[in-house]
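# Residue-level structural notes
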Amino acid sequence: MPPVSVVSTPGPTTSFKGAAPPLLVALDLGTNTTLMLTARIANGIIVEQSEQARTTRLGEGVAETGSLRPEAVSRTLAAVSDFLADIPAGSPLFGVAVGTSALRDACNRDWFLDAFEARFGVRPHILSGAEEAAATFAGAASSQPGDAGVVTLDIGGGSTEIAVGTPGCCRLARSLDLGCVRFAERFRLVEAASADQVAAARQAAVDILQPACGAIGQALDPNRPVRIVASGGTAVTFAAMSLGLAAHSREGIEGYVAPTAQVVRTGEELASLSSRERTRISRVDIDRARVLPAGLLIFGEALRLLGAADCLVTCRGLRYGLLLQVRRGQIAPTWQDV
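Because the structure is a prediction, the values reported are computed rather than measured. (Residues numbered from 1 in each chain as written. Predicted model: local features only at pLDDT ≥ 70, side-chain atom pairs only at ≥ 80, totals over all residues. Heavy atoms only, no water.)

### Things to note about the sheet that holds strand S7 (residues 160–166)
The strand order across the open sheet built from 6 strands is S8-S7-S6-S9-S11-S10, with neighbouring strands paired in mixed fashion. Pairing within the sheet leaves two strands with one partner each, and these edge strands are strand S8 (169–176) and strand S10 (256–259). The sheet shows a mean angle of 25° between the axes of neighbouring strands, taken without regard to direction. Across 6 bridges, strand S6 (residues 149–155) lies against S7 in antiparallel orientation. Among the inter-strand pairings, Val150 is bridged to a residue of S7, identified as Gly165. Relative to S10, helix H9 (residues 260–271) is tilted by about 65°, and along the sheet it contacts S10 and strand S11 (310–313). (Pairing = 2+ DSSP bridges. Helix = DSSP H or I, 4+ residues; strand = E, 2+ residues; numbered from the N terminus. Axes fitted to C-alpha atoms, helices over the stretch in contact; angles between N-to-C directions. Contact = heavy atoms within 4.5 Å.)

Written out as structure tokens, the structure is:
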């Protein structure tokens, strides 16, 4: 897809009245992982309650064939069913369900959307690259002070989003066809890879990232200190590994400082191992282990091209950004029990 420019501004904020404020829900039907964030409003602020994640590999084979596989659709629908089953019966909901890169690219996405609607009574919104970039920035940048200059970086299964601005205002963003699933499959990094395979993947990542990172660099305010903030599965998994925590464990991960050199080195080390060996080192499941080196390769090259010695990791990203946006009226809600 071509690069996208995004300017986002706050809109009117939905207020909730009544004895039972709704549970806020953001369901992310990702290329590698299906995730659902739930939150409540406390003193006018969105406060995260829980996040569920399951590696469902919805985008398995999409880059090669252009189509979703039946088994991938079944895995994803089963995960959503389990996630929604955990919501107390009768709880009013307000939120959004979205699809990202895999559903953008799949020629048979309507089949998935029809099956989803038949099963759950609602139809997900497929985010464009521009929408995903803006929502990801909104979430990740919200972890920083209001006047801070922020560059956000999110490596997903099928795409990478890079953006710059201040919290609440995304000035420029790029959404790129560059993700851990896409690269793991293309360069055969799923299992132990040769040095030549890793080098080829790295060069391809640089070729895609360089124009976007250059544009982001030119958009920086030279008079404002800037912090790079990374969100998404690759960054959060790296932080958890480094801290000896389970993946998607929020405690301790928020604000972790990830050194660029360590990201690059870890990616290279894991790429040379089998997926089984990676699980023992990284404490992730086998499905995440298959794509983690590719994600770290992209992560490290993006940081190097941005000239960053390190970055902050945040558990906020696309899903928190979606809750901000749906509350501001910037995206239509999927659930609206208000």
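### Brief notes about unusual backbone geometry
A positive phi angle, close to 55°, is found at Arg188, a residue other than glycine. The backbone of Arg283 sits at a positive phi, close to 65°, despite the residue not being glycine. By the element assignment, Arg283 lies in the loop between helix H10 (275–282) and helix H11 (286–305).

### Quick notes on the pattern of salt bridges
Evaluation of the coordinates by the stated rule reveals 19 salt bridges. Glu51 is the salt-bridge partner of Arg319, the closest N and O atoms lying 2.4 Å from each other. One end of the pair, Arg319, is in helix H12 (residues 318–328); the other, Glu51, is in strand S3 (residues 45–55), and 268 residues separate them in sequence. Judged by its relative accessible area of 12%, Arg319 falls in the buried class. Ionic pairing is found between Glu60 and Arg75, a salt bridge with its closest N-O pair at 2.9 Å. Taken together, the residues span a long stretch of sequence, with Glu60 in the loop between S3 and helix H1 (62–65) and Arg75 in helix H2 (residues 70–85) at a distance of 15 residues. Among the charged side chains, a salt-bridge network with shared partners connects Arg57, Glu60, Arg69, Arg75, Asp287 and Arg290. (Salt bridge = Lys/Arg side-chain N within 4 Å of Asp/Glu carboxyl O. Buried < 20%, exposed > 50% of the residue type's maximum accessible area, 1.4 Å probe, protein only.)

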